[in-house]
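The residues making up each chain are set out below.
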Protein chains: 6
Amino acid sequence: MPYVNIKITREGATAEQKQELIRGVTRLLQDVLGKNPQTTFVIIEEVDTDNWGIAGETVTERRRQGK
Amino acid sequence: MPYVNIKITREGATAEQKQELIRGVTRLLQDVLGKNPQTTFVIIEEVDTDNWGIAGETVTERRRQGK
Amino acid sequence: MPYVNIKITREGATAEQKQELIRGVTRLLQDVLGKNPQTTFVIIEEVDTDNWGIAGETVTERRRQGK
Amino acid sequence: MPYVNIKITREGATAEQKQELIRGVTRLLQDVLGKNPQTTFVIIEEVDTDNWGIAGETVTERRRQGK
Amino acid sequence: MPYVNIKITREGATAEQKQELIRGVTRLLQDVLGKNPQTTFVIIEEVDTDNWGIAGETVTERRRQGK
Amino acid sequence: MPYVNIKITREGATAEQKQELIRGVTRLLQDVLGKNPQTTFVIIEEVDTDNWGIAGETVTERRRQGK
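What you see is a predicted model, and the numbers here were worked out from it, not measured in a lab.

*Asks:* What is the right way to read helix H1 (residues 15-33) of chain C from this model?
*Replies:* In an α-helix, one turn spans 3.6 residues, which is why side chains three or four residues apart end up on the same side. Given a rise of 1.5 Å per residue, 19 residues ought to cover 27 Å, and the 27 Å separating the end C-alpha atoms of H1 of chain C matches this to within 8%. Within H1 of chain C the residues assigned to the buried category are Lys18, Gln19, Leu21, Ile22, Gly24, Val25, Thr26, Leu28, Leu29 and Val32 of chain C. For H1 of chain C, the secondary structure elements touched by its buried residues are strand S1 (3-9) and helix H1 (15-33) of chain B, strand S1 (3-9) and strand S2 (41-47) of chain C together with strand S3 (52-54) and strand S4 (57-58) of chain F. Once H1 of chain C ends, the next one or two residues include Gly34 of chain C, with phi positive near 65°.

*Asks:* Sorry, what's going on with empty space enclosed by the protein here?
*Replies:* Where empty space is left in the structure can be found by rolling a water-sized probe over the atoms. In total, this model carries one cavity of 30 Å³ or more according to the counting rule given. Looking at the largest cavity, its volume works out to about 240 Å³. In terms of lining, the largest cavity is formed by 19 residues, of which the most central are Lys7 of chain A, Lys7 of chain B, Lys7 of chain C, Lys7 of chain D together with Lys7 of chain E. Secondary-structure elements contributing two or more residues to the lining of the largest cavity are strand S1 (3-9) of chain A, S1 of chain B, S1 of chain C, strand S1 (3-9) of chain D, strand S1 (3-9) of chain E together with strand S1 (3-9) of chain F. Grouping the constituent residues of the lining of the largest cavity by class yields six nonpolar, six polar and seven charged.

*Asks:* How should the interface of chain D and chain C be read in this particular structure?
*Replies:* When the parts come together, some accessible area is lost, and that loss is often what is quoted as the size of the interface. At the junction of the two partners, chain D supplies 17 residues and chain C supplies twelve residues. Summing the contributions of chain D and of chain C, the shared interface buries around 1200 Å²; its carbon and sulfur component is 53%. At the boundary of chain D with chain C, the tally comes to one salt bridge. As a salt-bridge pair, Glu45 of chain D and Lys7 of chain C come within 3.7 Å of each other at their nearest N and O atoms. Viewed at the interface, chain C and chain D are joined by seven residue pairs in polar contact (both at pLDDT 80 or more).

*Asks:* It is not clear to me how the side chain of Thr9 of chain B should be interpreted in this structure. Could you clarify?
*Replies:* Structurally, Thr9 of chain B is set in strand S1. The exposure class of Thr9 of chain B is buried, given its relative accessible area of 2%. A polar contact is formed between the side chain of Thr9 of chain B and the side chain of Lys35 of chain C, at a distance of 3.4 Å. Other than its neighbours up to four places away in sequence, Thr9 of chain B contacts Val47, Thr49, Trp52, Val59 and Arg63 of chain B together with Met1 and Lys35 of chain C.

*Asks:* Looking at this model, I keep getting lost on the interface of chain A and chain F. Mind explaining?
*Replies:* The interface is formed by 26 residues belonging to chain A together with 26 residues belonging to chain F. When chain A packs against chain F, close to 2300 Å² is buried across both sides, 75% of that on carbon and sulfur atoms. Here chain A is connected to chain F by zero salt bridges. Only S1, helix H1 (15-33), strand S3 (52-54) and helix H2 (59-64) of chain A provide two or more residues apiece to the side of chain A that touches chain F. Of the residues contributing to the side of chain A that touches chain F, the split by class is 16 nonpolar, five polar and five charged. Pairing geometry for S1 of chain A and S1 of chain F, over five bridges, is antiparallel. Opposite Tyr3 of chain A, over in S1 of chain F, you have Lys7 of chain F as the bridge partner.

Thresholds, definitions, all that
Residues numbered from 1 in each chain as written. Chains lettered and ligands numbered in written order. Predicted model: local features only at pLDDT ≥ 70, side-chain atom pairs only at ≥ 80, totals over all residues. Heavy atoms only, no water. Helix = DSSP H or I, 4+ residues; strand = E, 2+ residues; numbered from the N terminus. Expected span 1.5 Å × (residues − 1). Buried < 20%, exposed > 50% of the residue type's maximum accessible area, 1.4 Å probe, protein only. Contact = heavy atoms within 4.5 Å. 1 Å grid on protein atoms, 1.4 Å probe; cavity = no way out; pocket = protein on both sides within 12 Å on 5 of 7 lines; lining within 4 Å. Points joined across faces, edges and corners; volume = space filled by probe spheres on them. Nonpolar A, V, L, I, M, F, W, Y, C, P; charged D, E, K, R; others polar. Buried area = accessible area lost by both parts, 1.4 Å probe. Salt bridge = Lys/Arg side-chain N within 4 Å of Asp/Glu carboxyl O. Polar contact = N/O pair within 3.5 Å; in protein donor to acceptor, adjacent residues only side chain to side chain. Pairing = 2+ DSSP bridges.

What follows is the structure, encoded as structure tokens:
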């Protein structure tokens, strides 16, 4: 039943890494709450660094400053 | 007033099909709850099959297995 | 595979009406895109009218004005 | 057209403060992007501190540590 | 702590405008609720006009009608 | 930077279990993508079983049928 939405910045996550996140989150929900993997959705959304802000700055700007 | 977010895998939904979903959901909310279509938002988000997981597998992998 | 999130104001939707929305949206996705109901999630979220704004006003305020 | 979702911890935001957030965000979208307030939705969701985690800790725990 | 998600139609918002939205929303949350900018996330998502519906019509269609 | 939203049915998840989910997801993102826990948000939302549908049925109804 769980629905998990993971938003990360679009900075090169590979298909293998995304598969690993999906497998890991699904197993975590099974281990902690006994949730059925067959009805566990995990959706990963990759967001452009111009479109993600922290402390009032875009991640693009923070990367330029080495943050 | 309703806000509806529909996430589907990016597997070729046409503009006509998306229009049909928007029309259908808007009418459903009007019929069931009397909601005003003028203030009903429907947003469709298409997600890459590498980014959608069920049962710990990406949809890309499940398609490869014919699921 | 579809995940549908419906946000409505918390204004008395009954269990039967919510069941009707869930059934209707699931059937619509099956009819329009051939999606499998067994892996179609529909989640309804009811939001307090103090917490929903349109045109810069809360719905609570708009209701007071008869909008 | 904009849809804005604001998630904050449930720590006593008043109706007036939520109205102020709704008004401020709506005006910001009008000023920056010329968006029509009449079709601008702002939804505020208040999350229990047990249900919000940062740095692997719940906000409830961080508050106990004075963070 | 706040998480803000802004969905707008993909109609040419510039990097500068998105930076302005991020800065403005972060300052608003600081002014109204005293939230710490360092832990304020703002995520902007741009949605194709075929994928956004109001009053049962896609924004693409409404633009064609001059709405 | 990651933002993770976990939706589960409201069926008695304890504060400890939610802390475990938050810790587990944060560590997973650190291990797989090297993400900084200090700027990793995890938000858990618990949804009434009347408000969650699968295969066109509410979870309330499915529980009644022993599913």
